[in-house]
Amino acid sequence: MACICVAASLSACDNYLDIEPKGKAVLNTVEDYLGLLEPVDAEYVHDNFCYVANEQTTGNMAELEGYKYPIYSSCFFWDEEYDRASNITDGEACSLLYNKCYSRIARYNILIDNIGDAEGPESEKKMGIAQAKAMRAYNYFFLINTFAKPYNPSTADTDHGIIVRKKFELESEGKQYSVAETYASILQDINEALPDLPEKSVNAYHSDKAFGYALRAKVHLYMRNIEDALNDALEVLKFPNHELWDLSGELAAYLAQNPQFAVLPDATKYQMFRNMVLMLNGHKYSHPENLLYCPSRTAGGPVALRKYIRDSFDAQADLRYNVICMPEMPARPTAEPGCLYFMHSTTTLLNTSGIRLSEIYLIIAECYARQGNIELTLKYLNDLRKTRFDTRYYKDLVSADVNNNKDEALKYVREERVHELFSSYNCFFDMRRFCTEFDETLTKTYTDTNGETHTYTLKPDSHLLTFPFPVKAIQTTNLIQNSK
């Protein structure tokens, strides 16, 4: 039996975690320990990511230019002079992400350390340990890709990473692993978890085998182990309990059931489908496309994608543009002109902090593009696009569309990642890995409230590709700061 102080508030500090023991829970049975896997605090806060990734803009340009929310503004304007490290304080998005991830890791470590002595079936103990290790790996993956340099095979052994703990030890001082050591630890957790992960989890908040392979594919992709990433991603498709969300099929069925709408303009049909099907009936977190569902922090107002992203969609056929987003929404006079709105509530549909099966199709396509297999790149792109485009206007991509060229094919994959994964953490994580691997210097333009156009540049070695550790983490640990 273990008597554990259940924290009402957990945050990273010198002794691993500050714990406010406002209640105690006696963990006695396997069922008690499995309760530690429940998403009591499942939120992954990545508000800042979309601004530094040049994906989203604001409904109030004056506030952005005036640095009312300085971390957002410094990210949006790629402002390398602003002191982010001194301003990531309690309550700021990156501080919340840091603390919530380590809080969850503490719960997983308690389970892993103690469930073996609990009362209950051995099979459930093994499953619990496996799910805890898979989720520990996922949280460390979030942390290493936020607060440390992007993985670079030539420097990963010496680049400072994050604190990694494999046991719940309040008294010991945490060790800051290198980037390479952190990735090795993540892979070790996944490898140990996979044999005992269930074929099907109790719900989308819990990890199953498909998620285990998906996460390992993603880790290998970030490490540039392309063949390993491809093999694991293909393994995910073998599990029948997960399938793509057939958005185009749902729209076609709705229109067939309502033939009276045939005379309406497409824009009206899309609005009615959005309101009557997606919003009213809902696309549930339990949809089989979700390999793992994780919520993000949301608010009530609309969010806006920048104009260059709006212009990159197929505005006639792409339902992510016409149904998930709201192209008909009138422009706000205070907003950046030309932006594309979508509602925060839409993020429920997009599972912006978890992993969806659609991303696995994109990983497979990316791997084949890197290998120069144009035919299979386009096959997996088209398999996904068929579920996202209005069937009345859909056309397969063919080799001529990419000039039968692997680099052009990879460009299509990257563009499709933007269209499919917007509003998720992937926008920032992709920016990091592509800038680092391909030595890309990015540019963006912005026309301010006075009508003056400015050009901003972000180089591949910019510290803006890494967020600083929160102030409290630096004050209470032996961490070496990775950014500024």
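The structure under discussion appears in the preceding block.
Quick look at the structure, then. (Residues numbered from 1 in each chain as written. Predicted model: local features only at pLDDT ≥ 70, side-chain atom pairs only at ≥ 80, totals over all residues. Heavy atoms only, no water.)

**Comments concerning the nonpolar core**
Ranked by size, the top nonpolar core spans 118 residues in total, and within it Y138 and I360 carry the most contacts. A total of 12 residues in this core trace back to one element, the largest contributor, which is helix α6 (residues 122-147). Among all residues touching Y138, those that are not within four sequence positions of it are Y44, F211, L215, L292, C294, S353, G354, I355 and Y425. With 24 residues, the next largest nonpolar core counts Y254, F261, I309 and L340 among its residues. (Core = buried A, V, L, I, M, F, W, Y, C linked by side-chain atoms within 4.5 Å. Buried < 20%, exposed > 50% of the residue type's maximum accessible area, 1.4 Å probe, protein only. Helix = DSSP H or I, 4+ residues; strand = E, 2+ residues; numbered from the N terminus. Contact = heavy atoms within 4.5 Å.)

**Structural notes on the packing of aromatic side chains**
Using the criterion set out here, one finds 40 aromatic pairs in the structure. Sitting over the face of the ring of Y44, R104 holds its NZ or CZ atom 3.9 Å from the ring centroid. Over the face of the ring belonging to F76 we find K444, whose NZ or CZ atom lies 3.9 Å from the ring centre. (Phe/Tyr/Trp six-rings, centres within 6.5 Å; stacked < 30°, edge-to-face > 60°. Lys NZ or Arg CZ within 6 Å of the ring centre and 35° of its normal.)

**A few points about the sheet that holds strand β9 (residues 302-305)**
Pairing between the strands of a sheet is mediated by backbone hydrogen bonds and can be parallel or antiparallel. Sheet architecture is open: 3 strands sit in the order β5-β9-β10, paired in antiparallel fashion. Either end of the sheet is taken by a strand with one partner, and the two such strands are β5 (56-57) and β10 (340-343). (Pairing = 2+ DSSP bridges.)

**Regarding the packing of helix α5 (residues 93-114) against α6**
Two elements in contact, α5 and α6, have axes whose closest approach is 9 Å; the angle formed by their N-to-C orientations is 155°. Comparing the axis directions of α5 and α6 gives the class roughly antiparallel. By crossing handedness, the relation of α5 to α6 is classed as left-handed. On α6, the residues that touch C94, L97, Y98, C101, Y102, R104, I105, Y108, N109, L111 and I112 of α5 are G128, I129, A132, K133, M135, R136, N139, Y140, F142, L143, T146 and F147. For the contact of α5 with α6, the residue count by class is 16 nonpolar, 4 polar and 3 charged. (Axes fitted to C-alpha atoms, helices over the stretch in contact; angles between N-to-C directions. Parallel < 35°, antiparallel > 145°, perpendicular 65-115°, else oblique. Left-handed = near helix turned anticlockwise from the far one by under 90°. Nonpolar A, V, L, I, M, F, W, Y, C, P; charged D, E, K, R; others polar.)

**Comments concerning a negative patch on the surface**
A grouping of E80, E81, D439 and D461 is seen on the molecular surface, where their side chains present a negatively charged patch. Mapped onto the elements, D439 comes out in the loop between α18 (426-438) and β12 (442-447). (Patch = residues over 30% accessible without salt bridge, like charges linked within 9 Å, V, L, I, M, F, W, Y side chains within 5 Å. Areas by Shrake-Rupley, 256 points an atom, 1.4 Å probe, with all protein chains shown as cover. Salt bridge = Lys/Arg side-chain N within 4 Å of Asp/Glu carboxyl O. Lys, Arg positive; Asp, Glu negative; His and termini not counted. Charge placed at Lys NZ, Arg CZ, Asp CG, Glu CD.)

**A closer look at helix α9 (residues 226-236)**
Every buried residue belonging to α9 is among I226, A229, L230, D232, A233 and V236, and all of these are buried. Against the buried residues of α9 lie α8 (209-222), β8 (290-292) and α15 (357-371).

**Re the pattern of salt bridges**
Inspection of the entire model under this criterion finds 33 salt bridges. The shortest N-O distance in the salt bridge between K68 and E63 comes to 3.3 Å. By relative accessible area, E63 is classed as partly exposed at 27%. Between R433 and D430 there is a salt bridge whose closest N-O contact spans 3.0 Å. Taken together, the positions of R433 and D430, both in helix α18 and 3 residues apart, correspond to about one turn of that helix.

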